[in-house]
Amino acid sequence: MAFDRLTEKLTESFKRITKQDRISEKHLDTLLSDVRLALLDADVNTQVVNQFLDKIHASALNQKILTSLKPNEALMKLVYDELVELLGPETPSFDYPKGQKKVILFVGLQGTGKTTSAAKLAQLLRSKKDRKVLLVAADLARPAAIDQLEILAEQAQVSVFVEKDEKNSLNVVKHAMKFAENGNFDTIIVDTAGRLAIDEALMLELKQIHDYLNPDEVLLTVDAMTGQDVIHTADGFNRNLNLTGLVVTKFDADAKGGAVLSVKALTGVPVKLVGTGEKLDDTDIFYPDRMANRLIGMGDLLSLVEQAQDKMDIEAGQRSMERIMEGLFTFDDMLDQFNQLSKMGSLQNMLKMIPGASQLANQVNDTESNAMIKKNKAIILSMTPEEREDASLLRASRKNRIAKGSGTTLNDVNRLINQYEKAKEQMRLLKRLAKNNPNIR
Ligand code: GDP
């Protein structure tokens, strides 16, 4: 994931100064030169790095941070504040007043993830912000774009407007707006054409659509992997179309991410949305304060809690807890737990959001743990309902059958049974504790 290395380096630099009782100007200089190297290594623009560090240096001296009661904490807070300022704005994105019509125009170069991001935002606004969304297919340049948007709209459970025989994208947009008016849509998201590079014909087409729509948001998708090019692209589009925000895609890939930290300072356009995968729910609204927290190794608990609430089946969790408290814990309960774990997504990403655990995250291998969960689920699914209720039925011949049925080995089956017995023992202990201490429940 982008920024992993930067976070690691910043955390290390801060750790070094937290070991000091008192901080001298020399310590401050060492910290700032560490931070400089970390930022440059993450591909943050040199000009931005210099300005950022100058500001921290001046504020540290002005605010007499070095002589304050807890200089380490004060310094960390200062870096945090400057990072938030660098990434701003602080006003939450996409919190539109209910019922107010909003038009969102997506622009970007081909292959940057424009169509995918338009559908991701459509799903997000429908499911989390209660908006009635219409997606509009106005990318007539790429032959498959219309079909792709139709498929994505269905997955996102939002309506889509297409006109396959219309050759003029402005006409499509005009007709779509009428359709939206009649259908009482409050959010119209328009996917437009892209090119391999910015050219006049593209800008002219986009400007016409822009002038007609007078959109509330003009979002440019940029690919995090393209590094500093992001700044030139953002600048080019911004001059012509007054961008309101950036959508940075492919954040999941091993991009250094520095452009994300530079682009607001250099072009004035803030990042509003981040794409973290190919699936529709692989997207996050960008919160500067949360990102700043994560960068200095303080984790991002708020995002973690939201993710957990979104993806966990709370009712199933409660049911499971009640059964455990009754002293019942079967392979079916275990299967439930594995299902919940798979739904939560990347364990590594979750650990990164927990303060202090970001380094632990590096020791976790998502591919391995996913494969293990998959294996365990296959083993339980190969058991009969009776076997799932009563582990004592599992003798050698049954175990062999289960191994065969699940495409695993006898060793794997024995390992899972062992794990189950241990878990059951722990549940018994928990039940006894709960009985003696009513506060536990
Ligand atoms: P467009 O030409 O700009 O409309 O690009 P598309 O939306 O067709 O996306 C191009 C490719 O990038 C597709 O294969 C998408 O699945 C992929 N893609 C889009 N966003 C992301 C992302 O955030 N992460 C990853 N890994 N892939 C993405």
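Residues numbered from 1 in each chain as written. Predicted model: local features only at pLDDT ≥ 70, side-chain atom pairs only at ≥ 80, totals over all residues. Heavy atoms only, no water.

J.: Help me understand the packing of helix α5 (residues 114-129) against helix α6 (residues 145-156) in this model?
T.: Packed helices, taken two at a time, are described by the angle their axes make and the gap between the axes. For the pair α5 and α6, the least separation of the axes is 9 Å and the interaxial angle reads 20°. It follows from the interaxial angle that α5 and α6 lie roughly parallel. In the crossing of α5 with α6, the sense of the turn from one axis to the other is right-handed. Here α5 contributes T115, T116, A119, Q123 and R126 to the contact with α6, which in turn contributes A145, Q148, L149, L152, Q155 and A156. By residue class, the composition of the contact of α5 with α6 is five nonpolar, five polar and one charged. (Axes fitted to C-alpha atoms, helices over the stretch in contact; angles between N-to-C directions. Helix = DSSP H or I, 4+ residues; strand = E, 2+ residues; numbered from the N terminus. Parallel < 35°, antiparallel > 145°, perpendicular 65-115°, else oblique. Left-handed = near helix turned anticlockwise from the far one by under 90°. Contact = heavy atoms within 4.5 Å. Nonpolar A, V, L, I, M, F, W, Y, C, P; charged D, E, K, R; others polar.)

J.: It is not clear to me how helix α2 (residues 25-41) should be interpreted in this structure. Could you clarify?
T.: Residues that lie three or four places apart on an α-helix share one face, since the helix turns once every 3.6 residues. Helix length check: α2 (17 residues) gives 24 Å between terminal C-alpha atoms against 24 Å at 1.5 Å per residue, within 8%. L28, L31, L32, D34, V35, A38 and L39 are the residues of α2 that are buried. In a view along the axis of α2, the buried residues occupy a sector of 160°, so they form one face of it. Seen from the open side of α2, the exposed residues pointing more than 90 degrees away from its buried face are K26 and L37. Phi turns positive one or two residues past the end of α2, at D43, with a value near 75°. (Expected span 1.5 Å × (residues − 1). Buried < 20%, exposed > 50% of the residue type's maximum accessible area, 1.4 Å probe, protein only. Arc of directions from axis to C-beta.)

J.: Looking at this model, I keep getting lost on the nonpolar core. Mind explaining?
T.: In globular proteins that are soluble, nonpolar side chains generally tend to be buried together. Grouped together as the largest cluster of nonpolar side chains are 76 residues, with contacts concentrated most on L6, F52, V107, F237, L246 and L261. Ranked by the residues each element gives to this core, the list is headed by helix α4 (residues 71-87), at nine residues. Residue contributions to this core reach at least three from each of two domains, namely domain 1 (4-87) and domain 2 (102-291). In terms of nonpolar packing, the next biggest core, distinct from the first, is built from 25 residues, F106, L125, A137 and L273 among them. (Core = buried A, V, L, I, M, F, W, Y, C linked by side-chain atoms within 4.5 Å. Domains from an automatic or database assignment.)

J.: Is there a simple way to think about the site of the ligand in this case?
T.: Around the ligand, the structure places 18 residues, and the nearest of them are G111, K114, T115, T116 and D252. A distance of 2.7 Å separates an oxygen atom of the ligand from a polar atom in the side chain of T115. Mapping the ligand onto the cavity grids shows that it belongs to the second largest pocket. Considering each element in turn, the shell around the ligand owes the most residues, four residues, to α5. (Near = heavy atom within 4 Å. Polar contact = N/O pair within 3.5 Å; in protein donor to acceptor, adjacent residues only side chain to side chain. 1 Å grid on protein atoms, 1.4 Å probe; cavity = no way out; pocket = protein on both sides within 12 Å on 5 of 7 lines; lining within 4 Å. Sits in = over half its atoms within 2 Å of the grid points.)

J.: Just checking my understanding: could you explain the sheet that holds strand β1 (residues 102-108) for this structure?
T.: Strand pairing in a sheet is mediated by backbone hydrogen bonds. Such pairs are either parallel or antiparallel. The strand order β3-β2-β4-β1-β5-β6-β7-β8 describes an open sheet built from eight strands, whose pairing is mixed. Edge positions in the sheet fall to β3 (159-161) and β8 (283-285), since each of these pairs with one other strand and no more. Neighbouring strand axes in the sheet, compared pairwise and without regard to direction, differ in orientation by 25° on average. With respect to the sheet, helix α7 (residues 169-182) is in contact with β1, β2 (133-138), β3 and β4 (187-192), its orientation differing from that of β2 by roughly 165°. (Pairing = 2+ DSSP bridges.)

J.: I would appreciate a short explanation of the pairing of β1 in the present structure.
T.: Taken residue by residue, a regular strand's side chains alternate between the two faces of the sheet. Burial within β1 is extensive, with seven of its seven residues counted as buried. Covered by surrounding structure in β1 are K102, I104, F106 and G108 together with V103, L105 and V107, the residues of both alternating faces. For β1 and β4, the ladder comprises five bridges, and the chain directions are parallel. The residue of β4 that forms the bridge with K102 is T187. Of the strand pairs in this sheet, β1 and strand β5 (residues 217-223) are connected by five bridges, and their pairing is parallel. Residue V107 lies in a different strand from β5, and its bridge partner there is L220.

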